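If you want the building blocks of each chain, they are given just below.
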Amino acid sequence: MPVILVSSDSQEFKVDKEVAERSILIKNMLEDVGESDSPIPLPNVTATVLTKVIEYCEHHRNDPVQVPDETDDPRKRSNDIEEWDMKFMQVDQEMLFEIILAANYLDIKPLLDVGCKTVANIIKGKTPEEIRKAFNIVNDFTPEEEAQIKKENEWAEDR
Amino acid sequence: MALRLKLKQFNKPHQSASSTSSQTTLALDIPEILMTIALFLNHHSLTNCARVCKDWKAVFQSQLYRVILAADFYRPGFARSFQNNISVVTSIEWIQESPTRLPVASKKSVWHPFHRKKASKPLASISHESFEQLQQSLSAGPTPSLKSLSVRVQNQHPNCILSLAAATAISLQISTTGRCPLSSSPRLYMGDILQSYPSLVHLTLKGVFTLSSRPLGEQAVPTPGPTAFLATAAATTAIGLSIPSPFSSSSVGPHTSSSSSTAHNAVVGVRSRVADHSSSIESLSLYQTDISQDELLELRVFLPELKSLLIEELPAHNEMIRTYYWTWSPTFIRSLRTAFPHMQSLRLGFMFEIIEENTIVEILQSFPLLTTVGFRNAKFGQRAMEALQQHCKLVVCLDISFAYGDDQFKAALNAELLHFLRTSTHLRELVAEGVIFHLEEPTGTGVIRTSWACTKLEKLVCGFQGTESTIFQHLSQFPMLSHLMIVHPSLIISSIDTTFALMEQSNKIEYLWFKQQRGQLLKKEMIEWLLKHLPKLKKLHVAGGAIEQKKAAKKWRREAQRLGVVVEIDSC
């Protein structure tokens, strides 16, 4: 049973319902709308990004649906991204964050996790200045403030 | 001041010049996204991120306190920064370090007080100080974000954990190891637990102590009407702590009614008379923690919403101590049913008490809504299996490990179990240690006779009789399999391409356990192949094989760049 998704730039994508429902947002929309063939507008997602998102959902269509656990183990690792996902995420930084934003908006937790793991891998090993450069972030700390934070977190350095 | 303005001016053009950085900035402006990224970072990266800018500090700083170890309180500056950030802590796991495993002072840090030779205090009291510091830190300020608390103490009464101010906790785990010096059979009361932690949904107790509903001699004070309320700050004052602010509404279940708190201030505040607070606890797990049958039934007042009950007897103190002395009767089962009408998951694992098949059948008949059923070390046989299929049609998780009986009994169980597996489409987990499935050889047409209907299987623990290729061909029916434990036979897994290749669709395996044939060395190619074809693998556990190979296996794992995989090798 196909579902029609419409990107912000008015491009239409026909996908299987099972694939579309990897997005909890779409899944809820479909439940609310019921038996309707009308296309689903996604004003926050452009066609290029939607193409990538659909590609991910197609590949992972048979994955067990993750149940959100209140007692989630906070100690997650980022060095276990599977090969297909790693290749999938080999895009430029702008596209990486567009995928993350789309996954967040569409509520596709596994895709959001993979995207954030990828960003985490970029962050690892970088000094604060290198992180700022990588993501174009303005430093709004004074040197004194920054030194204060460094001192406060000294205990965690070799943890 | 002038310096700061200069820095800002310097950075501004850099940012506005490239409009292509907008998506990056947009994404990184969303706290939820930063939080998700933070979950994947270790402490060192988190400290770097906390220095990037103010918005980042607000998110990344709190993640440093996700898991607190007792030894953390000895790191210079920790206690103070922990207290400063207490309001954002979401999860605390406090494990009392055993005296033999002292954290080693690294050359970088200035841990003079903890240098082993200079330690003047006995180690037990040092840990106690650290626990007191945890206590103080939690009482210092409100902890609106704290959802999960797990504390393990050694040689102490579990009651001490109840003094930790964490009223917002949804999930609580109390573990004890060693023996309590003050009492040989320490007792914990559900009433007390709920006074300290009224928002609990999940409760786990581990250790050699006893759980009771309320102290002997206390009268049950009936709760006022259907909208029973939860203990408020006033109740905890009775124990000598104060929780300054009320919890956020999202963390409290539907039973809160702050308006009735004033009316009940008169009731609480007197330690010996505890009002019965019904709670929103949905799951209760007891590992070795004793509870009598009567006390369990008494708990119905405290746990009306109970959905999941697990009671497991484990070896404690490296000895086999019998904890549970239960006798089953239809009356008890009926009472259990009346006490906990919402029960969906029931898992029992008594090591000394072998539950009779009649009892199992009786239980299954009484709880038709069960989705998870576990009877380990019980007389789970053909009749029980029939009863399961007849009465508990919603079962998705089944654990019937180490079923007790003679060969004939087990053969009959096997046959019925197979029938179940060939007809059940919703089964997601099957744990059947001690069960060996005979797989028939493929016929001339290449069709495997024993095809199971439960293709959604995610977890499988069992043994097989058959050649390696038939086993793995059989396993290829389960594309969602993530947790696999092949208990029998001992495998060689030499011809990788033909065996695991047959599982081409089953690449979601996260946990793999199998027995290596005795005397066989692990081959590098096998580990490499496994790591390559099981991209989601998190833990590889091999029983058998030489223990000396653990180092080699870890080396191959590093070469394959799969450091996230935990490798365990135990020799049989």
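For clarity, every value in this text was computed on a predicted model and none was experimentally measured.

This brings us to the overall build of chain B. Scanning chain B from terminus to terminus reveals 19 helices and 17 strands. The 572 residues of chain B split such that 51% are buried. Surface accessibility of chain B: about 26200 Å² in total, with carbon and sulfur atoms responsible for 54%.

Secondary structure assignment for chain A yields eight helices and three strands. Out of the 159 residues belonging to chain A, those deemed buried represent 44%. Contacts in chain A between residues at least 24 apart in sequence constitute 65% of all its contacts with a sequence separation of at least 6. By element, 50% of the accessible surface of chain A is carried by carbon and sulfur atoms, the whole surface being about 8400 Å².

Glancing now at the packing of helix H13 (residues 357–366) of chain B against helix H14 (residues 382–391) of chain B. Residues and elements named next belong to chain B. Contact geometry for H13 and H14: axes closest at 9 Å, N-to-C directions at 5°. Classified by the interaxial angle, the pair formed by H13 and H14 is roughly parallel. Where H13 abuts H14, its residues Glu-357, Asn-358, Ile-360, Val-361, Leu-364 and Gln-365 lie against Gln-382, Arg-383, Ala-384, Ala-387, Leu-388 and His-391. Broken down by class, the residue content of the contact of H13 with H14 amounts to six nonpolar, four polar and two charged.

Along the chain, Gln173(B) falls in strand S3 (residues 171–177). Once residues within four sequence positions are removed from consideration, Gln173(B) is found in contact with Leu149(B), Ser150(B), Val151(B), Thr204(B) and Lys206(B).

Take the pattern of salt bridges next. Summed over all chains, the structure comprises 16 salt bridges over all chains. Between Glu31(A) and Lys27(A) there is a salt bridge, with the nearest N and O atoms lying 4.0 Å from each other. Highlighted residues: Glu31(A) and Lys27(A), both in helix H2 (residues 24–33), separated by four residues, approximately one helical turn. The closest approach of N and O atoms between Arg322(B) and Glu353(B), which form a salt bridge, is 2.7 Å. In this pair, Arg322(B) is assigned in the loop between strand S8 (308–312) and helix H12 (330–339) and Glu353(B) in the loop between strand S9 (345–349) and H13, connecting sequence segments 31 residues apart. Look at Arg322(B) and you get partly exposed, because its relative accessible area is 30%.

The interface of chain A with chain B comprises 55 residues on the first partner and 66 residues on the second. Here chain A meets chain B over a buried area of about 5800 Å², counting both sides, of which 61% is carbon and sulfur. Across the salt bridge formed by Arg51(B) and Glu146(A), the nearest N and O atoms sit 3.5 Å from each other. Viewed at the interface, chain B and chain A are joined by nine residue pairs in polar contact (both at pLDDT 80 or more). Among the elements of the structure, helix H5 (93–106), helix H6 (109–123), helix H7 (128–135) and helix H8 (143–152) of chain A are those that each provide at least two residues to the side of chain A that touches chain B. Of the residues belonging to the side of chain A that touches chain B, the class tally is 20 nonpolar, 12 polar and 23 charged.

Residues and elements named next belong to chain A. The residue Ser-10 is not glycine, and still its phi comes out positive at about 60°. The exposure class assigned to Ser-10 is exposed, which follows from its relative accessible area of 59%. Look at Asp-107: it is not a glycine, yet its phi comes out positive at around 60°. The residue Asp-107 is located in the loop between H5 and H6 in this model. The exposure class assigned to Asp-107 is partly exposed, which follows from its relative accessible area of 37%.

Turning our attention to the nonpolar core. Residues and elements named next belong to chain B. Ranked by size, the top nonpolar core spans 180 residues in total, and within it Trp-56, Met-190, Tyr-197 and Leu-398 carry the most contacts. For Met-190, the contacting residues outside a window of four places in its chain are Leu-203, Leu-211, Ser-212, Ser-213, Ile-281, Leu-284, Leu-299, Phe-302 and Leu-303. In terms of nonpolar packing, the next biggest core, distinct from the first, is built from seven residues, Met-485, Val-487, Tyr-511 and Trp-513 among them.

On to the side chain of Glu146(A). Mapped onto the elements of the fold, Glu146(A) is located in helix H8. A polar side-chain atom of Glu146(A) sits 3.5 Å from a polar atom in the side chain of Arg51(B). Dropping the residues within four chain positions of it, Glu146(A) is found in contact with Pro128(A), Arg132(A), Asn139(A), Phe141(A) and Arg51(B).

On to the sheet that holds strand S1 (residues 2–6) of chain A, then. All names here are of chain A. Judged by pairing direction, the sheet is mixed, and its three strands sit side by side in the order S2-S1-S3 without closing on themselves. Strands at the two margins of the open sheet, each flanked by one partner only, are strand S2 (12–16) and strand S3 (40–41). Sheet topology note: the S1/S2 ladder contains five bridges and is antiparallel. Paired with Pro-2 across the two strands is Asp-16, which belongs to S2. Relative to the sheet, helix H3 (residues 47–59) contacts S1 and S2, its axis offset from that of S2 by approximately 10°.

Residues and elements named next belong to chain B. Between helix H18 (residues 524–533) and helix H19 (residues 549–559), the shortest axis-to-axis distance is 10 Å and the interhelical angle comes to 45°. With respect to each other, H18 and H19 are oriented oblique. Considering how the two elements wind past one another, H18 and H19 form a crossing that is right-handed. In this structure, H18 contributes Lys-524, Ile-527 and Leu-531 to the contact, and H19 contributes Trp-556, Arg-557 and Glu-559. Residue composition of the contact of H18 with H19, grouped by class: three nonpolar, no polar and three charged.

Residues and elements named next belong to chain B. Counted residue by residue, strand S13 (residues 459–465) has five buried out of seven residues, so it is predominantly covered. Here six bridges tie strand S12 (residues 429–438) to S13, and the two strands are oriented parallel to one another. Within S13, the residue paired with Val-431 across the bridge is Val-461.

It is worth spelling out the packing of aromatic side chains at this point. The tally for this structure, following the rule as stated, stands at 19 aromatic pairs over all chains. Relative to Trp84(A), the ring of Tyr56(A) has its centre 6.4 Å away and its plane inclined at 50°; by these criteria the two rings are tilted. Here the residue Tyr56(A) occupies a position in helix H3, and Trp84(A) occupies one in helix H4 (residues 83–88), the gap between them amounting to 28 residues. Using a relative accessible area of 4% as the deciding quantity, one classes Tyr56(A) as buried. Of the aromatic side chains, those joined through ring pairs into one cluster are Tyr324(B), Trp326(B), Trp328(B), Phe332(B) and Phe350(B). Of note, Lys52(A) hangs over the ring of Phe88(A), and the distance from its end group to the ring centre comes to 4.2 Å. Over the ring of Tyr287(B) we find Lys206(B); its NZ or CZ atom is 5.2 Å from the centre of that ring.

Low pLDDT means the predicted coordinates in that region are not meant to be read closely. All names here are of chain B. Overall, the prediction assigns chain B a mean pLDDT of 75, with 72% of residues at 70 or greater. Considering only residues more than four positions removed or in separate chains, one finds that residues 1–20, a stretch of pLDDT under 50, has 11 contacts. Note that pLDDT drops below 50 for residues 494–499; the model gives that stretch eight contacts with residues more than four away or on any other chain.

What follows is about H14(B). Those residues of H14(B) not exposed but buried are Ala384(B), Met385(B), Ala387(B), Leu388(B) and Gln389(B). In the core, the buried residues of H14(B) are packed alongside H13, strand S10 (372–376), strand S11 (397–399) and helix H15 (407–423) of chain B.

Rules used throughout
- Residues numbered from 1 in each chain as written.
- Chains lettered and ligands numbered in written order.
- Predicted model: local features only at pLDDT ≥ 70, side-chain atom pairs only at ≥ 80, totals over all residues.
- Heavy atoms only, no water.
- Helix = DSSP H or I, 4+ residues; strand = E, 2+ residues; numbered from the N terminus.
- Buried < 20%, exposed > 50% of the residue type's maximum accessible area, 1.4 Å probe, protein only.
- Areas by Shrake-Rupley, 256 points an atom, 1.4 Å probe, with all protein chains shown as cover.
- Contact = heavy atoms within 4.5 Å.
- Axes fitted to C-alpha atoms, helices over the stretch in contact; angles between N-to-C directions.
- Parallel < 35°, antiparallel > 145°, perpendicular 65-115°, else oblique.
- Nonpolar A, V, L, I, M, F, W, Y, C, P; charged D, E, K, R; others polar.
- Salt bridge = Lys/Arg side-chain N within 4 Å of Asp/Glu carboxyl O.
- Buried area = accessible area lost by both parts, 1.4 Å probe.
- Polar contact = N/O pair within 3.5 Å; in protein donor to acceptor, adjacent residues only side chain to side chain.
- Core = buried A, V, L, I, M, F, W, Y, C linked by side-chain atoms within 4.5 Å.
- Pairing = 2+ DSSP bridges.
- Left-handed = near helix turned anticlockwise from the far one by under 90°.
- Phe/Tyr/Trp six-rings, centres within 6.5 Å; stacked < 30°, edge-to-face > 60°.
- Lys NZ or Arg CZ within 6 Å of the ring centre and 35° of its normal.
- pLDDT = per-residue confidence, 0-100.

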